Amino acid sequence: MAGHELPEPADRRQVADPSGDPLAAEQTRHSCDPAFRHGVVVGFDGSTSSERALAYAIGMAVRSGSGLIIVHVANRLPTTVWAGCEPPVFVDVPDHRTEVLGLELACADYLAEVPWILVERGGDICHELEEVGREYAADAIVVGSTQGIVGRIFGSVAGRLARRARRPVVVIP
């Protein structure tokens, strides 16, 4: 590898569990592995567009000799949807998809050429991707384009992220 050698982390997969002890979750959230600083952040939910974004992010990380920070943002829904109360209160909806995605990624041959970690967050997708990018001082954030009516009604994650991010955002169609 040209340039510098990226040390191989002991555990290539890290999942932050915010549903456990709040203090432990806060420590996990703000302590990042220095081997992944200046890496590539990619939003991943298992959809076709996020798989394309992951493939592009892998290539970016390999070319730059950096690590890959794969971020899955779990569901958090406002209770105003059900209760009609103000101000909006957020409720965590159990999302076991991160565990499934982590197992799929751990078995994926295409991730063998790049050091990677999986980070789970809960909340607004744009905010959480930018927050992870800030914590790791990421060189770029890669996301897939939003498909379907949900993106047309509420605005695409990629569009909102590109407008507010403080680092380059690559949107993969």
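Cut-offs and rules
Residues numbered from 1 in each chain as written. Predicted model: local features only at pLDDT ≥ 70, side-chain atom pairs only at ≥ 80, totals over all residues. Heavy atoms only, no water. Core = buried A, V, L, I, M, F, W, Y, C linked by side-chain atoms within 4.5 Å. Buried < 20%, exposed > 50% of the residue type's maximum accessible area, 1.4 Å probe, protein only. Helix = DSSP H or I, 4+ residues; strand = E, 2+ residues; numbered from the N terminus. Contact = heavy atoms within 4.5 Å. Axes fitted to C-alpha atoms, helices over the stretch in contact; angles between N-to-C directions. Parallel < 35°, antiparallel > 145°, perpendicular 65-115°, else oblique. Left-handed = near helix turned anticlockwise from the far one by under 90°. Nonpolar A, V, L, I, M, F, W, Y, C, P; charged D, E, K, R; others polar. Pairing = 2+ DSSP bridges. Right-handed = clockwise from strand over helix to strand, strands pointing away. Salt bridge = Lys/Arg side-chain N within 4 Å of Asp/Glu carboxyl O.

Digging into the nonpolar core
Reasoning step 1: In terms of nonpolar packing, the biggest core is built from 20 residues, with Val-42, Leu-54, Leu-68, Ile-70, Leu-105, Leu-111 and Val-142 touching the most fellow members.
Reasoning step 2: Counting residues per element, this core draws most heavily on helix H2 (residues 48-64), which supplies five residues.
Reasoning step 3: Leave out the neighbours within four places in its chain, and Val-42 touches Ala-53, Leu-54, Ala-57, Leu-68, Ile-69, Ile-70, Val-71 and Val-142.
Reasoning step 4: Formed by 19 residues, the second largest nonpolar core is a distinct cluster that contains Ala-35, Val-41, Val-119 and Tyr-136.

Topic: the environment of Ser-47
Reasoning step 1: Here Ser-47 shows up in the loop between strand E1 (40-43) and H2.
Reasoning step 2: Spatially, the C-alpha atom of Ser-47 lies 8.8 Å from that of Gly-144, the residues being 97 residues apart in sequence.

A short note on the packing of helix H5 (residues 125-135) against helix H7 (residues 157-164)
Reasoning step 1: Axis separation between H5 and H7 bottoms out at 9 Å; the angle between their running directions is 50°. Between H5 and H7, the interaxial angle falls into the category oblique. Where H5 crosses over H7, the two elements pack in a sense that is right-handed. Packed against H5, whose contacting residues are Ile-125, Cys-126, His-127, Leu-129 and Glu-130, the element H7 presents Val-157, Arg-160, Leu-161 and Arg-164 at the interface.
Reasoning step 2: Tallied by class, the residues present in the contact of H5 with H7 amount to five nonpolar, one polar and three charged.

Observations regarding the pairing of strand E2 (residues 68-74)
Reasoning step 1: Of all seven residues in E2, seven are buried, a share of seventy percent or more.
Reasoning step 2: Side chains of E2 alternate between two faces, with Leu-68, Ile-70, His-72 and Ala-74 and Ile-69, Val-71 and Val-73 buried alike.
Reasoning step 3: Sheet analysis places E1 next to E2, joined by four bridges and oriented parallel. By the bridge assignment for E2, Val-41 is matched with Ile-69.
Reasoning step 4: Note on the crossover from E1 through H2 to E2: the handedness is right-handed.
Reasoning step 5: Across seven bridges, the pairing between E2 and strand E5 (residues 116-122) is parallel. Paired with Leu-68 across the strands is Trp-116, a residue of E5.

Description of H5
Reasoning step 1: Most of H5 is tucked away: eight of the eleven residues are buried.
Reasoning step 2: Looking at H5, one finds that the buried residues are Cys-126, Glu-128, Leu-129, Glu-130, Glu-131, Val-132, Gly-133 and Glu-135.
Reasoning step 3: Of the residues trailing H5, Ala-137 is marked for its positive phi of about 50°.

Thoughts on the sheet that holds E1
Reasoning step 1: The five strands lie next to each other as E5-E2-E1-E6-E7, forming an open sheet whose pairing is parallel. Edge positions in the open sheet fall to E5 and strand E7 (169-172), since each of these has one partner strand only. Across the sheet, the mean angle from the axis of one strand to that of its neighbour is 25°, orientation sign disregarded.
Reasoning step 2: Where H2 meets the sheet, its contacts fall on E1, E2, strand E6 (140-144) and E7, and the angle it forms with E6 comes to roughly 150°.
Reasoning step 3: Here H7 sits on the sheet in contact with E6 and E7, set at roughly 160° to E6.

A closer look at the pattern of salt bridges
Reasoning step 1: Under the criterion given, the structure shown has five salt bridges.
Reasoning step 2: Note that Glu-128 is salt-bridged to Arg-121, the shortest N-O span being 3.3 Å. Residue Glu-128 shares its accessibility class with Arg-121, and that shared class is buried.
Reasoning step 3: Bridged by salt links that share partners, the residues Arg-121, Glu-128 and Glu-135 form one connected network.

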